[in-house]
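Understanding the architecture of this molecule
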Amino acid sequence: MSSFSAPRDPFRRGPSGPRGGNVRTRALVPTIIVLVVLAAVFAVFTSFWTERLWFGSVDYSQVFTTTLLTRLGMFVTFGVVLGAVVFANLALAHRLRPRYRTMSNEQQTLDRYRDVIDPHRKLIAGVVAGLLGLIAGSSASGRWETFLQWSNATSFGTKDAQFGLDVSFYVFGYPWYRFLIGFGFAIILLSLVAALVAHYLYGGIRLQTQGQKASAAAQAHISVLLGLFVLLKAVAYWFDRYGLVVAAHQMSNSSFTGITYTDAHAVVPAKTILTFIAAICAVLFFANVVRRTWMLPGLGLGLLVLSAALLGWAWPAIVQQVQVRPNEPVREASYIQRNIDATRKAFGVSDTKVTRYEAETTTSEGQLANDAETLPGVRLIDPAIVGPTFEQLQQVRGFYSFAEPALDVDRYTVDGETRDAVVAVREVNLDGVPADQRNWNNDHTVYTHGHGVVAAYGNQRTSEGSPQWMEGGIPSRGDLGKYEPRIYFGESSPPYSIVGAPKGSEPVELDIPGGSADTQSTNTYQGDGGVPLGSFGNRLLYATKFQDFNILLNRSRINSESKVLYDRNPRQRVQKVAPWLNVDSDPYPAIVGGRVKWIVDGYTMSENYPLSQRLLLNDATSTSLTPQPAIVGQPSERLNYVRNSVKATVDAYDGSVKLYAWDEKDPILRTWMKAFPGTVEPKDAMPKALMDHVRYPVDLMKIQREVLAQYHVTDAGAFYQGTERWKVPADPTKGAQDATKQPAYYLSVQMPGADGPEFSLTSTYIYFNRENLAAFVAVNADATSKNYGKIQVLQLDETQIDGPSQIANKLDSDTRVADAMLPLTRGDSQAQKGNLLTLPVGGGLLYVQPVYVQRGSGDAAYPLMRLVLASFGGGIGVGPTLQDALDMVFAGNAGADTGENPGSEQPPEEPGETPAPPTSDAVARELAAANEAFEEAEAALKEGDLSAYAEAVERAQAAVARAAEARRGGQGGAEDGATPSPEAPATGTEPHEPDAG
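Below: a short report on this structure. Everything numeric in this text was worked out from a predicted model, so none of it was measured.

A separate point is the overall build of the chain. Along its length, the chain carries 26 helices and 34 strands. Looking at the chain as a whole, 53% of its 997 residues are labelled buried. Nonlocal contacts in the chain, meaning residues at least 24 apart in sequence, comprise 69% of its contacts between residues at least 6 apart. A total of about 44,300 Å² of accessible surface is found on the chain, and carbon and sulfur atoms cover 55% of it.

Written out as structure tokens, the structure is:
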């Protein structure tokens with residue numbers, strides 16, 4: 001018998017009908033949720049594991065482990081404590097609920113809520129407590145540095161003048177105790193809110209019921225929480241007293257950090273009294289558990305509020321107005337003195353030597369004879385301007401670049417003599433790769449590294465105005481010896497590169513570029529840096545990290561020996577391995593032991609040094625070169641203690657990081673060395689070759705000069721009057737409307753009384769309310785010198801010397817300067833004035849400023865140094881060289897040789913020949929040639945022939961340079977120092993006769 005199957009009802013809910021579709025829809029939502037959660041978990045795991053691999057690649061796994069365990073421990077501890085306490089209070093409130101509730105509209109309404117909540121009460125309480133715990137744990141984990149400093153605190157050996165406590169209490173302990181107090185308030189307040197809500201929900205608190213508003217159990221519970229809150233407030237009052245030594249105040253004429261007369265005689269006693277009142281008030285709340293009346297706790301709380309108003313506000317205000325303000329200089333004298341002493345010590349300027357300097361304002365022939373060693377150290381090459389010149393003359397290919405905004409200043413020994421040098425590293429720049437060559441393989445496996453160090457002598461340039469190279473080219477050639485030139489880690493390195501290959505593989509990394517495959521060379525990375533990419537797991541992790549699945553799919557360039565290089569900026573690498581350091585804004589390269597090393601200065605800072613003046617980090621470190629906050633930190637970060645505690649190096653080839661304890665006495669550094677043992681090497685471990693290049697850091701100098709502008713005054717009375725306040729001048733090269741501060745400059749200067757010139761970091765001060773020069777400051781920047789870090793200030797009291805802005809105005813308005821610059825700035829040529837340097841020479845102060853000229857504004861344009869300006873005591877000089885400018889200032893003979901080498905191309909001499917000295921006829925002949933060339937330039941300009949104009953100007957400038965050289969040779973050469981300088985010839989007229997005076 002055949003069977004019969006009825007047709008399926010399409011509307012019947014089943015696997016293939018709407019019901020089945022609904023089942024699939026219901027299953028889809030949780031599936032998506034699970035997938036999203038898994039993706040988030042994998043992303044978190046990727047971030048965590050790749051960080052672990054990175055730290056392992058630089059041998060700083062301990063930093064990663066210690067930091068992770070500390071953060072995790074604080075997250076768990078504080079999160080569990082807060083969550084558990086809140087959950088316990090919710091559970092206690094439920095347990096203390098009244099067994100019988102009066103019937104009322106309020107309770108009937110609450111019954112509906114209780115019916116919904118009760119079956120899930122524990123779950124809801126757990127979720128609430130868990131969320132609060134997560135928030136609390138996340139907040140607490142961010143304070144891991146505070147915990148490690150407190151738990152590893154090192155004594156400063158210095159006590160504050162008010163409470164007699166060691167400075168370490170304020171720097172390490174006080175921030176941790178304030179955090180604990182704040183966390184305690186959060187626990188109590190959240191518990192109080194949770195308890196109030198639970199008691200109200202379960203009838204323990206009845207707002208709309210006649211008679212007693214709270215049950216006895218609810219009243220006792222709330223009383224305990226309020227008592228704990230007030231008791232913790234008593235603890236807070238006690239610690240508020242210590243906070244006064246780092247609090248900001250406003251005096252009549254300035255801001256002030258530290259305790260004042262009013263604080264010591266009114267606020268401290270008031271806080272002490274309030275501590276005991278709050279403790280008594282807390283006892284009254286605890287007593288309410290037994291007495292169960294709000295009268296006494298209410299009276300106690302009212303007394304506390306009234307006392308806080310009278311003692312905490314009214315009493316100090318009366319003392320300030322009645323006792324202090326009429327006699328503020330006398331009352332505050334001892335407290336100002338405390339602030340002065342603490343500030344100078346905290347910022348490391350207490351040993352600053354201030355010398356009265358009677359500067360000469362007259363000039364005479366041969367006045368610089370005693371400064372023969374100093375003048376060759378005048379750095380004419382401005383690292384902030386010559387970047388484009390380095391680019392054009394040493395870039396080699398468009399995919400190389402140099403650091404911005406300024407190059408670096410260093411020292412190298414050449415032919416047994418230490419020479420100042422302007423240095424840069426040729427780094428790879430993917431933006432310079434032609435667009436049609438940009439692809440994944442080229443970006444990440446071919447253009448992987450830069451090549452070579454470029455260095456120029458600081459006081460020399462060629463006859464055309466370009467730098468005189470100490471080292472340059474590809475392959476690298478020069479006076480710096482052999483070294484590993486490949487730059488895999490630098491300030492402009494690509495985000496990540498994949499390098500390495502098995503032995504015998506064909507190299508693919510571009511090493512030395514050439515015009516064809518036959519002339520260029522390739523390379524395979526052999527260094528130890530980078531994270532291995534040989535395993536599938538690591539490739540998957542980094543494909544996820546960089547969101548680039550070519551890492552997972554590529555088979556031709558990624559192999560068992562491949563490594564990925566990332567986080568390649570020297571500052572970034574030092575900051576990661578030493579997260580407790582603040583890192584200087586200017587890492588600089590040096591050739592050390594045959595390798596290029598980035599040298600990075602690290603600082604330990606605090607804003608809790610007692611009685612020391614706080615300042616804003618961005619205000620102190622911002623200049624015309626670094627308008628943004630220089631040191632890595634928050635833009636509004638405050639500090640009142642700083643030490644250059646660490647010198648770090650980053651190897652440009654393998655990325656290895658070394659930390660050296662530079663200030664081994666710094667308690668903050670010693671504290672962190674306890675927390676991360678073995679991560680910082682002793683100062684003695686620093687190689688001598690490295691020591692030769694270590695210098696005093698710019699950012700520290702900028703902070704210290706900001707402090708010294710006010711705290712060079714050590715007498716409280718004079719400090720209060722504020723008549724001797726200085727300020728850092730604005731950079732005169734940026735225009736009158738730009739008030740950004742003048743940078744500090746590295747120079748080799750000889751301070752009065754010194755045996756010879758020393759490599760120094762220099763700056764100037766002007767008076768607070770006028771532009772006259774107030775002082776010159778220099779700090780010994782040579783780490784090999786016994787005077788390293790010694791700050792000297794030359795204070796000008798009796799003599800009025802023009803400040804940088806005034807000198808800049810005089811140079812701009814001088815007719816001889818204008819005449820010299822006129823032929824250089826015609827057409828599309830533009831003049832750009834370099835750094836205005838100040839040096840103490842000849843018994844006074846000398847200003848020197850190079851002038852650069854740039855023709856055009858396209859990518860091929862770059863500045864060349866054409867003139868040097870000088871000013872001393874009101875006299876002004878200008879010439880193609882510093883020697884010429886100084887001779888013009890000092891009556892035709894400065895008395896010393898500047899050591900410049902203009903680099904004019906002269907034919908080599910035949911062996912055995914003695915060239916005849918040039919005569920005055922040679923000078924006249926060259927000047928006539930210059931004048932003729934200038935006339936040709938004017939004629940070409942009128943006809944619109946810019947090419948002919950440019951060529952004629954260049955011939956004229958070369959003739960002027962030859963005339964200057966001829967005249968020097970005719971008067972005895974550079975050795976005798978008698979080098980008068982001709983004024984620049986005027987254009988379109990007869991040339992000036994040489995000016996002897």
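Now that the structure is up, let's keep going.
One open sheet holds the three strands; their spatial order is 13-17-16, and the pairing between them is antiparallel. Edge positions in the sheet fall to strand 13 (496-499) and strand 16 (531-532), since each of these pairs with one other strand and no more. Summarising the sheet, strand 16 and strand 17 (residues 563-566) pair through two bridges and their orientation is antiparallel. Across the sheet, residue P532 finds its bridge partner in strand 17, namely K563.

For helix 18 (residues 667-675), the set of buried residues is P667, I668, L669, T671, W672 and A675. On its buried face, helix 18 sits against helix 2 (61-95), helix 5 (144-151), helix 6 (167-201), strand 20 (595-606), strand 23 (641-651) and strand 24 (657-661).

Moving on to the pairing of strand 33 (residues 864-872). Along strand 33, nine of the nine residues are buried, which leaves the element largely enclosed by surrounding structure. Where strand 32 (residues 844-855) and strand 33 come together, eight bridges link them in antiparallel fashion. Within the sheet, the bridge partner assigned to V853 lies in strand 33 and is L864. As paired elements, strand 33 and strand 34 (residues 875-879) share five bridges and run antiparallel to each other. Across the sheet, the residue bridging to V868 is G879, located in strand 34.

With that settled, the discussion passes to the sheet that holds strand 9 (residues 453-461). In spatial order, the strands read 5-6-9-10-11; together these five strands make up an open sheet with antiparallel pairing. Of all strands in the sheet, those with a lone pairing partner are strand 5 (408-414) and strand 11 (477-478), marking the two edges. In the sheet, strand 10 (residues 467-472) pairs with strand 11 via two bridges, with the strands oriented antiparallel. Each residue of the ladder has a partner; that of E471, found in strand 11, is G478.

What follows covers the environment of E365. Positionally, E365 belongs in the loop between strand 3 (353-356) and helix 12 (387-394). Judged by its relative accessible area of 55%, E365 is exposed. Here the alpha-carbon distance between E365 and A891, two residues 526 residues apart in the chain, equals 4.9 Å. Sequence-distant contacts of E365, defined by excluding residues within four places in its chain, comprise F890, A891 and N893.

Throughout the structure, instances matching the rule amount to 22 salt bridges. Its salt-bridge partner being R486, residue E484 comes within 2.9 Å of it at the nearest N-O pair. Each of the two residues, E484 as well as R486, counts as buried. Of the charged contacts, one joins K658 and E681 as a salt bridge, the two residues approaching to 3.4 Å between their closest N and O atoms. Here K658 is found in strand 24, whereas its partner E681 is found in the loop between helix 18 and helix 19 (688-691), with 23 residues between them in sequence. Given the relative accessible area of 36%, K658 is considered partly exposed. A relative accessible area of 25% places E681 in the partly exposed class. Taken together, the salt bridges that share partners define one network made up of R595, K597, D651 and D654.

Quick look at the packing of aromatic side chains now. According to the stated counting rule, one finds 45 aromatic pairs in the structure shown. Ring centres of Y261 and Y335 lie 6.3 Å apart, and the angle between their planes is 80°; this geometry places the pair in the edge-to-face category. With a gap of 74 residues between them, Y261 in helix 8 (residues 261-291) and Y335 in helix 11 (residues 333-346) connect regions that are remote in the sequence. Here the guanidinium or amino end of R52 rests over the ring plane of W49, the centre of that ring lying 4.3 Å away.

We now examine the environment of E935. Its place among the elements puts E935 in helix 25 (residues 920-942). On the accessibility criterion, E935 (38% relative accessible area) is partly exposed. Note: C-alpha distance between E935 and A952 (17 residues apart in sequence) is 8.6 Å.

Once that is clear, we can look at the packing of helix 5 against helix 18. Packed helix pairs are characterised by how far apart their axes lie and by the angle those axes make with each other. Remark: helix 5 packs on helix 18, axes separated minimally by 9 Å, with the N-to-C direction vectors making an angle of 100°. As judged from the angle between their axes, helix 5 and helix 18 are roughly perpendicular. Packed against helix 5, whose contacting residues are W144, E145, L148 and Q149, the element helix 18 presents I668, T671, W672 and A675 at the interface. Its residues placed into classes, the contact of helix 5 with helix 18 shows five nonpolar, two polar and one charged.

Conventions and cut-offs
- Residues numbered from 1 in each chain as written.
- Predicted model: local features only at pLDDT ≥ 70, side-chain atom pairs only at ≥ 80, totals over all residues.
- Heavy atoms only, no water.
- Helix = DSSP H or I, 4+ residues; strand = E, 2+ residues; numbered from the N terminus.
- Buried < 20%, exposed > 50% of the residue type's maximum accessible area, 1.4 Å probe, protein only.
- Contact = heavy atoms within 4.5 Å.
- Areas by Shrake-Rupley, 256 points an atom, 1.4 Å probe, with all protein chains shown as cover.
- Pairing = 2+ DSSP bridges.
- Salt bridge = Lys/Arg side-chain N within 4 Å of Asp/Glu carboxyl O.
- Phe/Tyr/Trp six-rings, centres within 6.5 Å; stacked < 30°, edge-to-face > 60°.
- Lys NZ or Arg CZ within 6 Å of the ring centre and 35° of its normal.
- Axes fitted to C-alpha atoms, helices over the stretch in contact; angles between N-to-C directions.
- Parallel < 35°, antiparallel > 145°, perpendicular 65-115°, else oblique.
- Nonpolar A, V, L, I, M, F, W, Y, C, P; charged D, E, K, R; others polar.

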